[in-house]
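The lines below spell out each chain.
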Amino acid sequence: MDRIRLDVYGRFDLVIERSEESVSVYRTTSDGKRAPVRHLLIPHDAEIDEIVDLVDIAFHELAGPSDQVRVRLQVV
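Keep in mind that this is a model prediction, so the values were computed, not measured.

Rules used throughout
Residues numbered from 1 in each chain as written. Predicted model: local features only at pLDDT ≥ 70, side-chain atom pairs only at ≥ 80, totals over all residues. Heavy atoms only, no water. Helix = DSSP H or I, 4+ residues; strand = E, 2+ residues; numbered from the N terminus. Buried < 20%, exposed > 50% of the residue type's maximum accessible area, 1.4 Å probe, protein only. Pairing = 2+ DSSP bridges. Axes fitted to C-alpha atoms, helices over the stretch in contact; angles between N-to-C directions. Phe/Tyr/Trp six-rings, centres within 6.5 Å; stacked < 30°, edge-to-face > 60°. Lys NZ or Arg CZ within 6 Å of the ring centre and 35° of its normal. Core = buried A, V, L, I, M, F, W, Y, C linked by side-chain atoms within 4.5 Å. Contact = heavy atoms within 4.5 Å.

1. Some details on the environment of Leu14
For step 1, the next point in the chain: Counting through the fold element by element, Leu14 comes out in strand β2 (residues 12-18).
For step 2, the next point in the chain: On the basis of relative accessible area, Leu14 is assigned to the buried category, the value being 0%.

2. With respect to unusual backbone geometry
For step 1, the next point in the chain: Positive phi, close to 60°, is recorded for Tyr9, a residue that is not glycine.
For step 2, the next point in the chain: Take Tyr9: it is sitting in the loop between β1 (2-8) and β2.

3. A word on the environment of Glu61
For step 1, the next point in the chain: Mapped onto the elements of the fold, Glu61 is located in the loop between α1 (48-59) and β5 (69-75).
For step 2, the next point in the chain: Exposure remark for Glu61: the relative accessible area of 72% places this residue in the exposed category.
For step 3, the next point in the chain: Along the chain, Glu61 and Arg34 lie 27 residues apart, while their C-alpha atoms are 22 Å from each other.

4. Remarks on the sheet that holds β1
For step 1, the next point in the chain: Pairing is antiparallel across the open sheet formed by five strands, whose spatial order is β4-β3-β2-β1-β5. Bordering the open sheet on either side are β4 (34-36) and β5, each of which pairs with just one other strand. Averaged over all pairs of adjacent strands, the angle between their axes in this sheet comes to 25°, without regard to strand direction.
For step 2, the next point in the chain: Pairing of β1 with β5 involves six bridges; the strand directions are antiparallel. Paired with Arg3 across the strands is Val75, a residue of β5.

5. With respect to the packing of aromatic side chains
For step 1, the next point in the chain: As enumerated under the stated definition, the model contains one aromatic pair in all.
For step 2, the next point in the chain: With a centroid separation of 5.3 Å and 70° between ring planes, the pair formed by Phe12 and Phe59 is classed as edge-to-face. Note that Phe12 is positioned in strand β2 and Phe59 in helix α1, a separation of 47 residues in sequence. Each member of the pair Phe12 and Phe59 is classed as buried.
For step 3, the next point in the chain: Of note, Arg27 hangs over the ring of Phe12, and the distance from its end group to the ring centre comes to 3.8 Å.
For step 4, the next point in the chain: Geometry around Tyr26 places Arg34 over its ring, the cationic atom sitting 3.8 Å from the centre.

6. With respect to the nonpolar core
For step 1, the next point in the chain: Judged by nonpolar contacts, the single largest core of 18 residues is most densely connected at Leu6, Val8, Leu14, Leu40, Ile51, Val55 and Phe59.
For step 2, the next point in the chain: Elements that contribute at least two residues to this core include exactly β1, β2 and α1.
For step 3, the next point in the chain: Among the elements that line this core, the one with the most residues is α1, at five residues.
For step 4, the next point in the chain: Those residues within four positions of Phe59 in sequence are excluded, and the remaining contacts are Val8, Tyr9, Phe12, Leu14, Val37, His39 and Leu40.

Quick look at the structure:
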């Protein structure tokens, strides 16, 4: 299973988990709780740059002028 943790504009983290069958997206909180994000669909074969772009497109309304989506952790 692949796991990618993204910092979305310094506001919250997303965890993307890919297995052989599916891709799951979760929003995490500072206390470690996870909530599924169902409105964001990530293709199973998407590369990390594509995933960052998809997240940026999905949440761009939350971004300030210099805010970015950043990769915090990638576990393959």
